Amino acid sequence: MRCVVKRLKKVMISLFIMFLISFIIVQGIIIHESAKNEEKKVDYIVTLGARLYGRTPSESLMERLNTTLDYVEKYKDTKIIVCGGQGLDEDIPEAEAMESFLINRGIDKKRIIKE
């Protein structure tokens, strides 16, 4: 019985070490790839919704919208897909608020696709 417990302990430690090593490798790859700041021209950009407070975008949604705005001002023929539903405490769907934000900042409505 004692031998079985020792063997089980060794197996569990080995599995934990393998998990830890694979976790570190995967996280390293993610961090390395995210550090690349390559900007490529694309035909469409998708901006995902996030929380609204009534009709006001949350901080994370504002960050997404400002990033989208920066990109589409640089690449004038890129279309924008905005998507997001309506939560219980939101006055309008997120996609509608996002579209209004972009239009109010000079983006042509024809470039925006609401999902």
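Residues numbered from 1 in each chain as written. Predicted model: local features only at pLDDT ≥ 70, side-chain atom pairs only at ≥ 80, totals over all residues. Heavy atoms only, no water.

## Description of the pattern of salt bridges
Okay, so step 1: Evaluation of the coordinates by the stated rule reveals 4 salt bridges.
Okay, so step 2: Across the pair Glu 99 and Lys 114 runs a salt bridge whose closest N-O atoms are separated by 3.5 Å. Separated by 15 residues along the polypeptide, Glu 99 in helix α3 (residues 94-104) and Lys 114 in strand β5 (residues 112-114) bring together distant segments of the chain.
Okay, so step 3: For Glu 99, a relative accessible area of 8% corresponds to the buried category.
Okay, so step 4: Several salt bridges converge on common partners, so that one network encompasses Glu 99, Lys 109 and Lys 114. (Salt bridge = Lys/Arg side-chain N within 4 Å of Asp/Glu carboxyl O. Helix = DSSP H or I, 4+ residues; strand = E, 2+ residues; numbered from the N terminus. Buried < 20%, exposed > 50% of the residue type's maximum accessible area, 1.4 Å probe, protein only.)

## Some details on a positive patch on the surface
Okay, so step 1: Taken together, the side chains of Arg 2, Lys 6, Arg 7 and Lys 10 present a region of like positive charge at the surface.
Okay, so step 2: Structurally, Lys 10 is set in helix α1 (residues 2-35). (Patch = residues over 30% accessible without salt bridge, like charges linked within 9 Å, V, L, I, M, F, W, Y side chains within 5 Å. Areas by Shrake-Rupley, 256 points an atom, 1.4 Å probe, with all protein chains shown as cover. Lys, Arg positive; Asp, Glu negative; His and termini not counted. Charge placed at Lys NZ, Arg CZ, Asp CG, Glu CD.)

## Looking at a nonpolar patch on the surface
Okay, so step 1: A cluster of nonpolar side chains, Ile 13, Phe 16, Ile 17, Phe 19, Leu 20, Ile 21, Phe 23, Ile 24, Ile 25 and Ile 29, forms an exposed patch at the surface whose accessible area comes to about 990 Å².
Okay, so step 2: Looking at the secondary structure, you find Ile 24 in helix α1.

## A few points about the packing of aromatic side chains
Describing an aromatic ring pair means giving the distance of the ring centres and the angle of the ring planes.
Okay, so step 1: Inspection of the entire model under this criterion finds 2 aromatic pairs.
Okay, so step 2: Their ring planes at 40° and their centres at 4.7 Å tell us that Tyr 71 and Tyr 75 sit as a pair that is tilted. (Phe/Tyr/Trp six-rings, centres within 6.5 Å; stacked < 30°, edge-to-face > 60°.)

## What to know about the nonpolar core
Okay, so step 1: The biggest cluster of nonpolar side chains holds 19 residues, and the ones touching the most others in it are Ile 80, Val 82, Leu 102 and Ile 107.
Okay, so step 2: Within the residue set of this core, elements represented by two or more residues are α2 (59-74), β4 (79-83) and α3. (Core = buried A, V, L, I, M, F, W, Y, C linked by side-chain atoms within 4.5 Å.)

## Some thoughts on the pairing of strand β1 (residues 44-48)
Okay, so step 1: Taking every second residue as pointing to the same face, the buried face of β1 carries Ile 45 and Thr 47, while none of Tyr 44, Val 46 and Leu 48 on the other face is buried.
Okay, so step 2: Bridge analysis of β1 against β4 gives 5 bridges, and the strand direction is parallel. Bridge pairing links Tyr 44 to Lys 79 in β4. (Pairing = 2+ DSSP bridges.)

## Description of the sheet that holds β4
Okay, so step 1: Strands sit in the order β1-β4-β5 across an open sheet of 3 strands; the sheet is parallel. With one partner strand each, in any of the chains shown, β1 and β5 form the two edges of the open sheet. Pairs of neighbouring strands in the sheet enclose a mean axial angle of 25°, with direction left out of account.
Okay, so step 2: Relative to β5, β4 runs parallel, the two sharing 3 bridges. Residue Ile 80 lies in a different strand from β5, and its bridge partner there is Ile 112.
Okay, so step 3: The sheet contacts of α2 involve β1 and β4, and relative to β1 the element is tilted by about 170°. (Axes fitted to C-alpha atoms, helices over the stretch in contact; angles between N-to-C directions. Contact = heavy atoms within 4.5 Å.)

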